[in-house]
Amino acid sequence: MLPKLTPLANHLGTDVSGSIPQGEQVGVLDLTEAHRRIWELAEPHLKVRSNDAHTLYSYGIARALVDLHPDADPEVVLPAVLLHDTGWSKVPGDEVLQAIAPGGGRPDLVLRHEKEGALIAADVLAEVGADPARTARIIEIVDGHDSRREALHLDDALMKDADKLWRLTPHGVDTVMDWFGLTRDEAHRLIASRVHDHLLTDAGRTMARVLAAVASVDVMPQRIALG
Ligand SMILES: [Fe+2]
Ligand SMILES: [Fe+2]
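A few points on the structure. (Residues numbered from 1 in each chain as written. Chains lettered and ligands numbered in written order. Predicted model: local features only at pLDDT ≥ 70, side-chain atom pairs only at ≥ 80, totals over all residues.)

### Some points on the nonpolar core
Then, in step 1: In this structure, A62, V77, A80, V81, L83 and L158 are the most contacted members of the largest nonpolar core, which totals 42 residues.
Then, in step 2: Take this core: its biggest share by element is seven residues, from helix α3 (residues 74–83).
Then, in step 3: Excluding residues that lie within four positions of it along the chain, V77 makes contacts with A62, V66, A72, D155, L158 and M159. (Core = buried A, V, L, I, M, F, W, Y, C linked by C-beta atoms within 7 Å. Buried ≥ 20, exposed ≤ 12 C-beta atoms within 10 Å, placed from the backbone. Helix = DSSP H or I, 4+ residues; strand = E, 2+ residues; numbered from the N terminus. Contact = placed C-beta atoms within 7 Å.)

### Points about helix α2 (residues 51–67)
Then, in step 1: Taking 1.5 Å of rise per residue, 17 residues should cover 24 Å, and α2 covers 24 Å from first to last C-alpha, within 8% of that figure.
Then, in step 2: At its buried positions, α2 is contacted by α3, α6 (154–165), α7 (170–180) and α9 (202–218). (Expected span 1.5 Å × (residues − 1).)

### Re unusual backbone geometry
Then, in step 1: The backbone phi angle of R49 is positive, close to 60°, even though this residue is not glycine.
Then, in step 2: Mapped onto the fold, R49 is located in the loop between α1 (33–42) and α2.
Then, in step 3: Even without glycine at this site, S50 takes up a positive phi of about 60°.

Here it is, written out as C-alpha cells:
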C-alpha cells in the first residue's frame, strides 16, 4: 500500500511549487549509485512478505542513524541493510511467517535465512566489486542479524536498530497486521514488545519513542472519530 503521492485538493488555490526547495537536504534521500546497483541485485530476493518495502524503509532509517554516528561506516551499514533479508527467498513461502509468529516461531528458519542471506550478500557484493574488507564485515552482519542479541560493533548495532525500527512505522504496522490477522492496536502492542527493549543505540531508542507515539495516536478514539 502506497502513501498518498498526489494531492486530492489545493485549498489555498494558488500554485506554490516555485517556492519548494530542491536538492539534497535533511529528510530527503535517494539511493546512491553504488547502493542502487546493490538494490537491483537484492530486490529479486526480497519479494516475500513485503521484505522489499521493509528493506527500503530500513535503509532510510539507517541513513538517519548513520548521519547521527560519525564513527559508523555507511558503506558497511547501508549495504548490510539492503542485503540482510535476502535469505528469506530460500525459505519455503508458506513457512516464512511461521518463523517469526508470536507464541512460537521457528528458530531454525531464522538461522537459515541468515545463512542464505550471507551467501547471497557475498555474491552481490562480488558482482558490484565491493571492497573486500567491507564485504567481510557486511557478511558478518547479515549472518546472525536476527539471532544475535548483542551487536558485534557500532555498524552492526545500527543495522539491527534500523531493521527493528521499521516495524513501528505506518508501513510496518500495516504489514504486521496482515501477517497475523491483528487489529492495529494489537499489532502495535506486539511490535512494541519486540522493539523498545531490544534496541542497541540511544538514537534508535529515541526514534522508537517518536514512531510509537505516532502509532498510538493512529488508534486514539479521538483520532478515529475525526475520520
Ligand atoms: Fe531478518
Ligand atoms: Fe529485516
